[in-house]
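Per-entry structural report
So you can see what is in the structure, the chains are spelled out below.
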Amino acid sequence: MNKIDFLTRRNFIKGLGATGVVFAAPSMATAIAADGIHWDEQVEMAIIGSGFAGLAAGIEAIKHGCKAVTIYEKMAVYGGNSAINGGLFAAPNTPLQQQKGINDSVDIMVADQLKSGRGVADEKLLRHIASHARDALQMTIDAGAEYYPYLQQLGGHSVPRTYQTKVSCGAGITQPLLHECRKVGVTLQNRSKFEGFILTKEGAVAGIRIRYPYYFEDENSGNIVNIRASKGVLVATGGFAQNVNLRMAQDPTLTAEVGCTNAKGATGEAMLEMFRLGAVPVHLAYIQSGPWASPDEGGFGYVSNYAIFNFPHSIAVNCLTGKRFMNEIADRKTRADAELACRDAAGKPLPPIMITSYAHAKEHPTCEKVLKYGVGWKFDSLQAIAKRFNIPLQPLQQQVDEYNAYVKAGDDKQFGKSMAKAKDMYIAAPYTVVRLWPKVHYCQGGVQVNANAEVLDSNTGKAIKGLYAAGEVCGGIHGVSRLGSCSIPECMVMGMTAARSMMGA
Ligand SMILES: Cc1cc2nc3c(=O)[nH]c(=O)nc-3n(C[C@H](O)[C@H](O)[C@H](O)COP(=O)(O)OP(=O)(O)OC[C@H]3O[C@@H](n4cnc5c(N)ncnc54)[C@H](O)[C@@H]3O)c2cc1C
């Protein structure tokens, strides 16, 4: 991006601001020595963070004989980003794929992810995750998670392989997992903020310092408690998208005014603490924006899941030209970049719209919500859409006709979109419309781990003894751009992997 583009983009993003809370990374104590320390508590396994990675690790630990595992969560509520997520879970070779005759495999899923990762994803880890994704899905089903009886094909995935919870939200998974944790004997402790590591003379992680009871953003609340973890510490504290200083250090365009889909606790201080200990930082600048977000609501909102469901049989239109400008199911980076390029004649941002046939949109429960809360609108004609969004009517009409011809032929001559999920799904009145604009969503960067979920040391290249990490706090797995619905399997599989490694299973 040249300088002019860069400044225009930054100003433009400011204009569309949503969250606007600036978090400085709270200052943390550096690691202290275990020698002569008073241990307040002792566990076998200490897990920091109660998202998918932490919860899956807790359950797996008990399965493998752990007698004392505690999950420490700094917020008052459990679940982090996992609880507010879209509930979309990708896995290959699943019962639903078999039932629907969809040919998929670990190789095909990994190939899709490597393509989206643009040559710098970690193939070994992706393969490990895809190979165990079905086990992770089964863990959620065994715990009581409920999924729709159909699969979605998300952007960048070559086949339908994505399950969605019936509540269209990650809480449809975290709540059953929390329940399961309690049932099997995992201890959960909220308002418990990780403050730093406690190390043996040899530099191994022997325990952690927890601030308890902690009240978010009051860094002096509570007292420090020293916890010994005889089998190790798992850091599962998620990403840092809400730490504006840190994300701007990687990408200065991601100012406080840029919308963000994440929970407030995604501030990254535990990741920084691992760097202080010597962990390898990987791909911190790869911060993903979600192309399905709307400038008309805060956070993930209703439009995101609505758009994810409808993109395969909808068209995204540039309001300046009345034409499509992208493959609506390309990977996230491709689409987010294409949306950011939609501007008016003066170069100012002009959020594109997505047009869907109401008959198809209403198949998903989010349609009702989008219309009810005024973040999407119903129209009887293309004329009405053109008038409302100031789009030239004739090119718009022509575009819809052309696209419908691609639906008929099963071949998108304009952008090469797979029409498998658009069969017989013409764009026809009445229509529903939402506006699109990317929001900061996911951090591909973090600490480097190996296939045992051990955190690697930048000096030696070897595992830091006693330290494990899983979930979004890890970096390098997805490369430049993660595919949608691939974080849940990653978090859960790597959390389960970490628990098995710690238990020597
Ligand atoms: C709105 C939204 C929708 C999404 N939808 C999907 C989807 O449908 N499918 C998909 O695959 N991915 C999705 N993602 C991405 C995915 O949800 C996240 O990558 C994933 O939830 C991360 O899980 P985690 O266990 O690593 O961390 P989190 O779920 O973020 O959990 C980390 C926890 O650690 C806590 N924590 C942080 N620091 C500390 C500390 N110092 N001490 C103690 N606790 C701490 C946090 O408060 C948090 O509760 C979505 C993300 C968002 C934000």
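Here is what the cut-offs are and how they apply
- Residues numbered from 1 in each chain as written.
- Predicted model: local features only at pLDDT ≥ 70, side-chain atom pairs only at ≥ 80, totals over all residues.
- Heavy atoms only, no water.
- Helix = DSSP H or I, 4+ residues; strand = E, 2+ residues; numbered from the N terminus.
- Rg over C-alpha atoms; globule rule 2.2 N^0.38 Å.
- Areas by Shrake-Rupley, 256 points an atom, 1.4 Å probe, with all protein chains shown as cover.
- Lys, Arg positive; Asp, Glu negative; His and termini not counted.
- Charge placed at Lys NZ, Arg CZ, Asp CG, Glu CD.
- Pairing = 2+ DSSP bridges.
- UniProt positions renumbered as here; feature names shortened; annotations may be inferred.
- Axes fitted to C-alpha atoms, helices over the stretch in contact; angles between N-to-C directions.
- Parallel < 35°, antiparallel > 145°, perpendicular 65-115°, else oblique.
- Left-handed = near helix turned anticlockwise from the far one by under 90°.
- Contact = heavy atoms within 4.5 Å.
- Nonpolar A, V, L, I, M, F, W, Y, C, P; charged D, E, K, R; others polar.
- Expected span 1.5 Å × (residues − 1).
- Buried < 20%, exposed > 50% of the residue type's maximum accessible area, 1.4 Å probe, protein only.
- Polar contact = N/O pair within 3.5 Å; in protein donor to acceptor, adjacent residues only side chain to side chain.
- Near = heavy atom within 4 Å.
- Core = buried A, V, L, I, M, F, W, Y, C linked by side-chain atoms within 4.5 Å.
- Phe/Tyr/Trp six-rings, centres within 6.5 Å; stacked < 30°, edge-to-face > 60°.
- Lys NZ or Arg CZ within 6 Å of the ring centre and 35° of its normal.

Comments concerning the overall build of the chain
From N to C terminus, the chain includes 16 helices and 20 strands. For 505 residues, the compact-globule formula gives about 23 Å, and the C-alpha radius of gyration of the chain, at 23 Å, lands near that figure. With the C-alpha coordinates aligned to their principal axes, the bounding extent of the chain is approximately 80 × 50 × 40 Å. Summed over its atoms, the accessible surface of the chain is roughly 19100 Å², and 51% of this surface lies on carbon and sulfur atoms. For the chain, the separation between the mean place of its 51 positive charges and that of its 44 negative charges on side chains is 3 Å.

Quick notes on the sheet that holds strand E13 (residues 323–324)
What the five strands build is an open sheet, ordered E13-E12-E14-E16-E15; its pairing is antiparallel. Two strands lie at the open edges of the sheet, namely E13 and strand E15 (376–379), each paired on one side alone. Alignment of strand E12 (residues 315–318) against strand E14 (residues 353–357), held across three bridges, turns out to be antiparallel. Each residue of the ladder has a partner; that of Ile-315, found in E14, is Ile-355.

A closer look at the UniProt feature "domain: FAD-dependent oxidoreductase 2 FAD-binding" (unreviewed entry) in the chain
In the numbering used here, UniProt assigns the feature "domain: FAD-dependent oxidoreductase 2 FAD-binding" (unreviewed entry) to residues 46–488. Regarding residues 46–488, the helix share stands at 31% and the strand share at 20%, and the terminal C-alpha atoms are separated by 21 Å.

So, the packing of helix H5 (residues 106–116) against helix H6 (residues 123–143)
Running from amino to carboxyl end, H5 crosses H6 at an angle of 135°, the nearest separation of the two axes being 9 Å. When the axis of H5 is compared with that of H6, the two are oblique. For the pair H5 and H6, the sense of crossing is right-handed. When H5 is examined against H6, the residues Val-106, Asp-107, Val-110, Gln-113 and Leu-114 are found in contact with a partner set consisting of Glu-123, Leu-126, Arg-127, Ala-130 and Ser-131. A per-class count over the contact of H5 with H6 returns five nonpolar, two polar and three charged.

Some words on helix H2 (residues 52–63)
With twelve residues, H2 should reach 16 Å at 1.5 Å per residue; the first-to-last C-alpha distance of 17 Å fits that figure. Every buried residue of H2 is listed here: Phe-52, Ala-53, Gly-54, Leu-55, Ala-56, Ala-57, Gly-58, Ile-59, Glu-60 and Ala-61. Gly-65, located one to two residues past H2, shows a positive phi value of around 95°.

Regarding helix H16 (residues 487–502)
Over its 16 residues, H16 runs 22 Å from end to end, which matches the ideal 22 Å to within 8%, given 1.5 Å per residue. Across the 16 residues of H16, 14 count as buried, placing the element largely inside the fold. After H16 finishes, the residue Gly-504 shows a positive phi value of roughly 65°.

Considerations on the side chain of Lys-417
Tracing the backbone through its elements, the reader meets Lys-417 in the loop between helix H15 (393–409) and strand E16 (431–435). Reaching out from Lys-417, the side chain makes a polar contact with the backbone oxygen of Pro-312 at a distance of 3.2 Å.

Topic: the site of the ligand
Residues in contact with the ligand amount to 40 residues; listed here are only the nearest, Glu-73, Ser-82, Leu-88, Glu-472 and Ser-487. Gly-80 has a polar backbone atom sitting 3.2 Å from an oxygen atom of the ligand. For the ligand, whose accessible area on its own is 1000 Å², the fraction buried by protein is 99%. Class assignment for the residues of the shell around the ligand results in 14 nonpolar, 20 polar and six charged.

Comments concerning the packing of H2 against helix H7 (residues 171–184)
For the pair H2 and H7, the least separation of the axes is 9 Å and the interaxial angle reads 30°. Taken together, the axis directions place H2 and H7 in an arrangement best described as roughly parallel. For the crossing formed where H2 meets H7, the hand is left-handed. Note on element contacts: H7 touches H2 through Ile-173, Thr-174, Leu-177, Leu-178, Glu-180, Cys-181 and Val-184, opposite Phe-52, Leu-55, Ile-59 and Ile-62. When its residues are assigned to classes, the contact of H2 with H7 shows nine nonpolar, one polar and one charged.

Some points on the environment of Ala-469
Assignment of secondary structure puts Ala-469 in strand E20 (residues 463–469). Separated by 13 residues in the primary sequence, Ala-469 and Leu-456 place their C-alpha atoms 9.8 Å from one another. Leave out the neighbours within four places in its chain, and Ala-469 touches Leu-234, Val-235, Met-274, Val-447, Val-449, Ala-453, Val-455 and Cys-474.

Notes on the nonpolar core
Ranked by size, the top nonpolar core spans 94 residues in total, and within it Phe-89, Phe-197, Ile-208 and Met-274 carry the most contacts. Contacts of Met-274, omitting those with residues within four sequence positions, involve Phe-197, Val-235, Ala-279, Val-447, Val-455, Leu-467, Ala-469 and Val-473. One finds Ala-307, Ile-308, Cys-367 and Val-375 within the second-largest nonpolar core, a separate group that totals 23 residues.

Overview of the environment of Tyr-426
Relative to the assigned elements, Tyr-426 resides in the loop between H15 and E16. Put simply, Tyr-426 and Asp-251 are 175 residues apart on the chain and 40 Å apart in space, counted from C-alpha to C-alpha. Leaving out residues up to four positions away in the same chain, Tyr-426 has contacts with Ser-357, His-360, Asn-404, Val-407 and Lys-408.

Re the packing of aromatic side chains
Under the definition given, this model contains eight aromatic pairs. With centroids separated by 5.1 Å and ring planes inclined at 10°, the aromatic side chains of Tyr-302 and Tyr-373 adopt a geometry described as stacked. Taken together, the positions of Tyr-302 in the loop between strand E11 (287–290) and helix H10 (303–310) and Tyr-373 in the loop between helix H13 (366–372) and E15 put the pair 71 residues apart, joining distant regions of the chain. Aromatic rings pair up to connect Tyr-148, Tyr-150 and Phe-309 into one cluster. Arg-482 extends its terminal NZ or CZ atom over the ring of Tyr-442, reaching a point 4.0 Å from the ring centre.

Remarks on the pairing of E20
Taken across its seven residues, E20 has five buried, putting it largely inside the fold. Judged from the three bridges that link them, strand E9 (residues 223–235) and E20 form a sheet pairing that is parallel. Bridging from a neighbouring strand, Leu-234 pairs with Tyr-468 of E20. With two bridges joining them, strand E19 (residues 454–456) and E20 adopt antiparallel strand pairing. Note on E20: the bridge partner recorded for Leu-456 is Ala-463. The hairpin formed by E19 and E20 contains six residues between the paired strands, and Gly-461 there has a positive phi angle of roughly 75°.

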